[in-house]
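Remarks on the overall topology
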Amino acid sequence: MAHWLIKSEPSTWSWDQQVAAGAKGTAWDGVKNHTAKLNLMAMKQGEQVFFYHSNEGLEVVGIVEVVKEHYPWIPGEPWVLVDFKAVKPLPKPVTLAQAKAEPKLAKMSLVTSFRLSVQPVTDEEWATVCRMGGL
């Protein structure tokens, strides 16, 4: 299974709001970038995803799971939605500064393509961030 990272500004949609959505989860919307859209379309049900607070906080705060694979956002438009549910918080959020300082994460999209809102994460990057976050 693949791993991913999704970004949200906490003032728009926070980790706490994701948790409050419960086991049903919620649709991830607002993605209007073709690379991010392709990443959403590649996600499979059950895959694990880091939840990252962007612009405010700049940190990986939790893990969500894909509960519904991509489906149309607006009929006739090219954009898609994916539904996620919260799985668990990171005991210690992992900041962007910490990720940049970790040599094992030097090639991670979070470090190299920090503006992309939906990113792939390698198995090694996943394990490193989980370790750094206390999991």
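Structure report, in brief.

Cut-offs and rules
- Residues numbered from 1 in each chain as written.
- Predicted model: local features only at pLDDT ≥ 70, side-chain atom pairs only at ≥ 80, totals over all residues.
- Heavy atoms only, no water.
- Phe/Tyr/Trp six-rings, centres within 6.5 Å; stacked < 30°, edge-to-face > 60°.
- Helix = DSSP H or I, 4+ residues; strand = E, 2+ residues; numbered from the N terminus.
- Buried < 20%, exposed > 50% of the residue type's maximum accessible area, 1.4 Å probe, protein only.
- Lys NZ or Arg CZ within 6 Å of the ring centre and 35° of its normal.
- Contact = heavy atoms within 4.5 Å.
- Pairing = 2+ DSSP bridges.
- Axes fitted to C-alpha atoms, helices over the stretch in contact; angles between N-to-C directions.

**Describing the packing of aromatic side chains**
Here the structure, examined in full by the defined rule, presents four aromatic pairs. Their ring planes at 20° and their centres at 3.9 Å tell us that Phe50 and Trp126 sit as a pair that is stacked. With Phe50 in strand 3 (residues 48-53) and Trp126 in helix 5 (residues 123-132), this pair connects stretches of sequence that are 76 residues apart. For the pair shown, Phe50 and Trp126 are each scored as buried. Through a chain of ring-to-ring contacts, three or more aromatic side chains come together here, namely Trp15, Trp28, Phe51 and Phe84. Sitting over the face of the ring of Trp79, Lys37 holds its NZ or CZ atom 5.8 Å from the ring centroid.

**Structural notes on helix 5**
Along helix 5, the residues classified as buried are Glu125, Trp126, Thr128, Val129, Cys130 and Met132. Buried residues along helix 5 sit against strand 1 (3-8), strand 3, strand 4 (59-72), strand 5 (80-95), helix 3 (96-101) and strand 6 (118-121). Within two residues after helix 5, Gly134 carries a phi angle of roughly 90°, on the positive side.

**Section: the sheet that holds strand 5**
An order of 2-5-4-3-1-6 is seen for the six strands of this open sheet, with the pairing classed as mixed. Each edge of the open sheet carries a strand with a single partner, namely strand 2 (26-28) and strand 6. Strand-to-strand twist in this sheet, taken as the mean axis angle between neighbours without regard to direction, amounts to 40°.

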